[in-house]
Structure formats: structure tokens, C-alpha cells
Amino acid sequence: MPESWVNLAERIGSDLHVDLSGPGSRRAVLIRALRDAVREGRLAPGTRLPPYRSLAADLGLARNTVADAYAELVAEGWLTARQGSGTRVAERATPPKRPRTPKPAPARPEAPAYNLRQGTPDASSFPRAAWLAAARRALNAAPNEAFGPGDPRGRVELRRALADYLTRARGVRADPERIVVCSGFAHALRLLFAGARGTGGGVLRGPFAVESYGLGFHRAILADSGVRTVPLGLDEQGTRVEELTDAPRARGVLLTPAHQFPTGGPLHPARRAAVVDWARGSGGLILEDDYDGEFRYDREPVGAVQGLDPERVVYLGSVSKSLSPAVRIGWMVLPEQLVDGVLAAKGEREAWASVLDQLTLADFISSGQYDRHIRRMRQRYRHRRNRLVTALAERAPHITATGIAAGLHAVLRLPPGTEASAVKAAAWQGIALDGLAAFRHPGATMPAGDGLVVGYSTPTEHAYAAAVEALLRALPPSP
């Protein structure tokens, strides 16, 4: 037998190889080879095959063997033979493919119908038109050098705008040269503690005191840098900063003095002064997280602790609550001795916030649009808070809402022992929220209370009433 693979391209116009190897008679081998070529699509419907005499000569087979193979395939319906048109592959020679039953997609948990988790503003309220106008003005006014390597501190236009705004609105003593732009609060923490693990190379080192209730994500950033955290107790006057004197070798403290997260309430004036005195006397540092300082409703503005001593306080802020977490811009107002270390930690430009966003935000602030947006959202969130408080008073008077004088969330105080079941009941109602226990420091020794942390800023306006109604159904009954 000749070579087992015979190229028929020149004869039938297709790049086709017929496998003539395998068991069985020569007739059976040829039938199988041609049938497979048709079935696999290498011989398309309508393709004309060579006359059996020519194919027999090329393959070294008897003419009767090829003629019998053609006749068998015609009888089976794979080929057709007509006088004057030769032997061709039948138009319907290829059997229809069986429909493949798709594999079931892995089950995904259904998205909650109502998002009442804290921490994000109403995404539908982003000021698109004003932001676009600011971007156009900023791009038209930007010097050519703005599109070069730039300053690791951030664009000077934004640092100047922030210095003016923070001085006016938050009582911060800000110098543009001591402001470093970053991509948010978490990025700021990483820059401050970068390289601390085992090398002593971090800008700051631990141990660090933190509040007994706070974001575990922030504590994890410190832990990843090898920084041990020591919890401080809380009461109606805020963080018990007097416990710093008992904190073993604490080099600093992370606080949310304007609106303690998540329990609510500002740090008492006497304690604000006391923590600054502690920092001066011990050489320690205060990290001030001003995460939602712009949103106040039933109280006078509370200025930043940084204004009491700019050399002992690092002031940290961002636009994630006031504008959107999608705008990845935050800032640090640093003591002079920390600026160079933070810039060294910032390093390569890939970690810097977008220059285009910085220029846009600078214009957005300087033009007054930022203030107007804050005032508008303050009124909207105040209205939502009032609706929540009114609904609780009417339908669940045994549940008290605390921390509601400012911010974007409330803590609903629950009867003892009911928090876990309330979180589960909320999930059954299609509500995403957290209990107070989710924010408790694992080493906290202060008494634990039951509660739900309810963010009223995230739902859109049209969904808020239904979200509150679902929440009321999930609350535990009166004892």
C-alpha cells in the first residue's frame, strides 16, 4: 500500500488528507477514511470527488475497490452520483450536531435588594454635569508641564485648593507644601507604615493605639506592616484617650474625633486637648481620620484636632464619602518632619492619583461647586436620617438610633442578645448591613453592646422608603 496519508488537495480543490491506515480490508479502510473526512468537514457538502479510476490509480487500489466504496457511501447517503456531474459529497451528508446541553453556571448569591451598609454615598447623586464642566475648564487651563512626570506631592493646583478649603471648612492649618495627595485613606496608611515590618524602614512604627470600634480593614493594614494595635475604650464623650498613659509604648493613636466610627459622636473638647498634650509629652503622633466631617445636621461644626498642633497630628481625608469612592483621591496634611519620608515611600509614579482627576477636583473646589454639592447632599442625607428616625419612633420605639447628629449612618441599639438574629433577619429581607460586632477590635475589653450599623446614604431616592420598610420588618420585637 502506498503512504498511509494521501493528499487529495490538487484533485478535489481542498486541503484534505485521507488516512488509509488501520485494520480491515482495503475497501473498508477507504470507506472509513472518506466517511470520516465528510463527517469532520474536511470534505464539504457539494465537493466533487475524483473519478474512481483516477483515485484507484493514485492510491494503488483496484478500480473495483474504489467503485464499491463510492457505491456504499452513495447508498448510505454520504455521497451522490449523477450522470454527467460525477460523484459529490451529499448536501446533507453531515448529520446535524446534537445540541450541547450547557453546563449550569455556578450558583451566585443573589445581590441584596437594599444596600444599607455604611461608607458609600448615593452613587446616583454624583454631580456629573458640574464635574464634566470642571474637567473641561481644568484641561483648558492646564499648563503643558501638567502632562509630564509631575510632583510626587500631587498637583500644586489641587494642594492649594485643598489648603484653602480645609482651612476654611475644617479648621486645619494647612500649607500646600505639607499636603501630599494619595488615592484614599487606605493608601495613606500604607504610605505611612510602608516598610515597617522587620526593617524599621516605615515612616511610622508601632505599637499604635486605636479605638475599640473601627474598621477592621484599617487595622489589617497596620497588622500587615507589623504594627501591633492597642484598643482604647469608648463612652459617651468619645474615645477614652486617658488610657493612652497605660498603653505599652504606644507611638501614636488613630482617631475619628469629629464623628467616632461607627458608634457616632464627637470627641469631647477636654479629651481633644488631652490627646494633644499626650502627643506633646510622649513624642507620639495622632492620625486624624476625618472621614465624613462635612456632614453635620444637629450640631455646630467640629473643627479638626490638627488645628491644635499641626506638628503632632497627621490629618487624613478623601472624597470617597463626599463625592464618590470612584474618584480615587485623598490627602495627608503632614507635620514637616514626615513629608520627605512619605514622599520616599510613595516612590514610583504608578501609585500616584491621576493628574486629570487632580486638576478636575482642584477646579471643582475652587469654583465653589464642591461646597454647593456638600450643601445639597447634607440636606438630602438629613432628610433620609429624619425618615429613619421617625419610622423607628412610630414602629419600633424600643430601638434607639445613636450617632445621628452627623455622618452617613446610624447605630440602632438593640436588646441584648439580638444582634446576630437581627443581621440574619435583615438578610432574609434582602438587606445588606452589618452588626456592631463586625467593627469590634478583637482585643477590646470594654462591654460589648448589640446594634446594627445602618447606612442611609447608599440607596437611591426611589428605593429608600422600601429599604426602611424592610429594615423595620427585620428588627427584633419589643422585649
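Scoring rules and cut-offs
- Residues numbered from 1 in each chain as written.
- Predicted model: local features only at pLDDT ≥ 70, side-chain atom pairs only at ≥ 80, totals over all residues.
- Heavy atoms only, no water.
- Helix = DSSP H or I, 4+ residues; strand = E, 2+ residues; numbered from the N terminus.
- Rg over C-alpha atoms; globule rule 2.2 N^0.38 Å.
- Buried < 20%, exposed > 50% of the residue type's maximum accessible area, 1.4 Å probe, protein only.
- Contact = heavy atoms within 4.5 Å.
- Areas by Shrake-Rupley, 256 points an atom, 1.4 Å probe, with all protein chains shown as cover.
- Axes fitted to C-alpha atoms, helices over the stretch in contact; angles between N-to-C directions.
- Parallel < 35°, antiparallel > 145°, perpendicular 65-115°, else oblique.
- Nonpolar A, V, L, I, M, F, W, Y, C, P; charged D, E, K, R; others polar.
- Arc of directions from axis to C-beta.
- Core = buried A, V, L, I, M, F, W, Y, C linked by side-chain atoms within 4.5 Å.
- Pairing = 2+ DSSP bridges.

Per an unreviewed UniProt entry, the protein goes by PLP-dependent aminotransferase family protein and derives from Streptomyces atriruber.

## Structural notes on the overall build of the protein
Helices and strands together make up the secondary structure of the protein, namely 14 helices and 19 strands. In terms of overall size, the protein is more extended than a compact globule, its C-alpha atoms giving a radius of gyration of 36 Å where 479 residues would be expected to give roughly 23 Å. Seen through its principal axes, the protein has C-alpha atoms that stretch 110 × 65 × 50 Å. Per-residue burial over the protein gives 51% buried out of 479 residues. If you take every contact in the protein between residues at least 6 apart in sequence, the share linking residues at least 24 apart comes to 71%. Carbon and sulfur atoms make up 51% of the accessible area of the protein, which amounts to about 23200 Å² in all.

## Concerning the packing of helix α5 (residues 128-141) against helix α11 (residues 355-366)
Where α5 meets α11, the axes come as close as 8 Å, and the angle between the chain directions of the two elements is 110°. Classed by the angle they form, the pair α5 and α11 counts as roughly perpendicular. For the pair formed by α5 and α11, the contact residues are Ala130, Trp131, Ala134, Ala135, Arg137, Ala138 and Leu139 on the first element and Leu356, Asp357, Leu359, Thr360, Leu361, Asp363 and Phe364 on the second. Tallied by class, residues from the contact of α5 with α11 come to 10 nonpolar, 1 polar and 3 charged.

## Overview of helix α10 (residues 339-346)
All buried positions along α10 are accounted for by Val339, Val342, Leu343 and Lys346. Taken around the axis of α10, the buried residues stretch over an arc of 100°, which confines them to a single face. Across from the buried face of α10, at angles greater than 90 degrees, the exposed residues are Asp340 and Ala344. Where the residues of α10 are buried, they touch β6 (179-182), α7 (185-193) and β14 (330-333). Just beyond α10, the residue with positive phi is Gly347, at close to 65°.

## What about the nonpolar core?
With 60 residues, the main nonpolar core has Ile329, Leu392, Leu412, Leu452, Leu471 and Leu475 as its most contacted residues. With sequence-adjacent residues up to four places away left out, Leu412 is seen in contact with Leu392, Ile399, Thr400, Ala401, Asp450, Gly451, Leu452, Val454, Leu471 and Leu475. Judged by nonpolar contacts, the second largest core, of 26 residues, contains Phe185, Leu192, Phe208 and Val210.

## Concerning the pairing of β6
Regular strands place side chains that alternate from one sheet face to the opposite one. Side chains of β6 alternate between two faces, with Ile179 and Val181 and Val180 and Cys182 buried alike. Here β6 runs beside β14; their pairing, made up of 4 bridges, is antiparallel. Opposite Val180, over in β14, you have Met332 as the bridge partner.

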